[in-house]
Amino acid sequence: QVQLVETGGGSVQPGESLTLSCTASEGISGIDNIAWYRQAPGKQRELVASITYGEIKKYTNAVKGRLTISRDDVKRTVWLQMNSLKPEDTAVYYCNADLQPLNSEVYSNWWGKGTQVTVSS
């Protein structure tokens, strides 16, 4: 069973840092585009950062210069380094990836269950 598992969330004060990790389970033969989304209470889920197979990175304007996305396909892992965190970064952060299971010839889209990030003084 293919899964994406996020770790690294927590509660921090404004200005502090966190690093989120998302690891895909074994049993996949390919990873294409990967992205981090977040959903704050009462708001729609929004795209935060994405990285292609060729490592082209994109960020939403609100996080540019503070968040960095990176990947290691050998480890089947993507990270989101978050610096200078603000209260408005408080949300559940979700990993999303296009994965090719071993028993499939096509890629399909998968979501993790999310990890909570709370920024508060």
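Note on numbering: residues in each chain are counted from 1, in written sequence order. Local features in this predicted model are restricted to residues whose pLDDT is 70 or higher, and side-chain atom pairs enter the listing and the counts only when it is 80 or higher, whereas totals over whole chains, interfaces and linings include all residues. Remark: hydrogens and water are excluded; side-chain values derive from all non-hydrogen atoms of the structure.

### A look at the overall build of the protein chain
1) Next: Per the secondary structure count, the protein chain includes zero helices and eleven strands.
2) Next: Secondary structure elements follow DSSP: runs of H or I of four or more residues count as helices, runs of E of two or more count as strands, with numbering from the N terminus. Starting at the N terminus, the α and β elements of the protein chain follow one another as β-β-β-β-β-β-β-β-β-β-β.
3) Next: Every radius of gyration here is taken over C-alpha atoms, with the globule rule written as 2.2 Å times N^0.38, N being the number of residues. The C-alpha radius of gyration of the protein chain comes to 14 Å, within 12% of the 14 Å expected for a compact globule of 121 residues.
4) Next: With respect to the principal axes defined by its C-alpha atoms, the protein chain has extents near 50 × 25 × 25 Å.
5) Next: Only protein chains enter the calculation, and the probe is 1.4 Å; a residue is then buried if its accessible area is under 20% of its type maximum, exposed if over 50%, and partly exposed in between. Residues classed as buried in the protein chain amount to 39% of the 121 residues present.
6) Next: Taking the intrachain contacts of the protein chain between residues at least 6 apart in sequence as the baseline, contacts between residues at least 24 apart amount to 55%. Pairs of residues are marked as contacts when any of their non-hydrogen atoms sit within 4.5 Å.

### A closer look at the sheet that holds strand β8 (residues 77-82)
1) Next: In this scheme, strands are said to pair when DSSP sees at least two bridges between them. Across the sheet, four strands lie side by side as β1-β3-β8-β7; this open sheet has antiparallel pairing. Where the open sheet ends on each side, the last strands, each with one partner, are β1 (4-7) and β7 (67-72). Mean inter-strand twist for the sheet, computed between neighbouring axes without regard to direction, equals 15°.
2) Next: In this structure, strand β3 (residues 18-24) lies alongside β8, joined through six bridges in antiparallel fashion. Residue Leu 18 lies in a different strand from β8, and its bridge partner there is Met 82. Where helices are involved, their axes are fitted lines through C-alpha atoms of the stretch in contact, as for all axes, and angles between N-to-C directions lie from 0 to 180°.

### A short note on the side chain of Ser 50
1) Next: Checked against the element boundaries, Ser 50 lands in strand β5 (residues 46-51).
2) Next: Excluding residues that lie within four positions of it along the chain, Ser 50 makes contacts with Ile 34, Ala 35, Ile 56, Lys 57, Lys 58 and Ile 69.

### What to know about the pairing of strand β4 (residues 28-39)
1) Next: Of the pairings in the sheet, the one linking β4 to strand β9 (residues 91-101) comprises nine bridges and is antiparallel in character. Following the sheet pairing, Ile 28 is matched in β9 by Pro 101.
2) Next: In the sheet, β4 pairs with β5 via five bridges, with the strands oriented antiparallel. In the strand pairing of β5, Ala 35 is matched with Ser 50.
3) Next: If you look at the hairpin formed by β4 and β5, you'll find six residues sitting between the two strands, and Gly 42 has a positive phi there, around 75°.

Geometry only, nothing functional implied.
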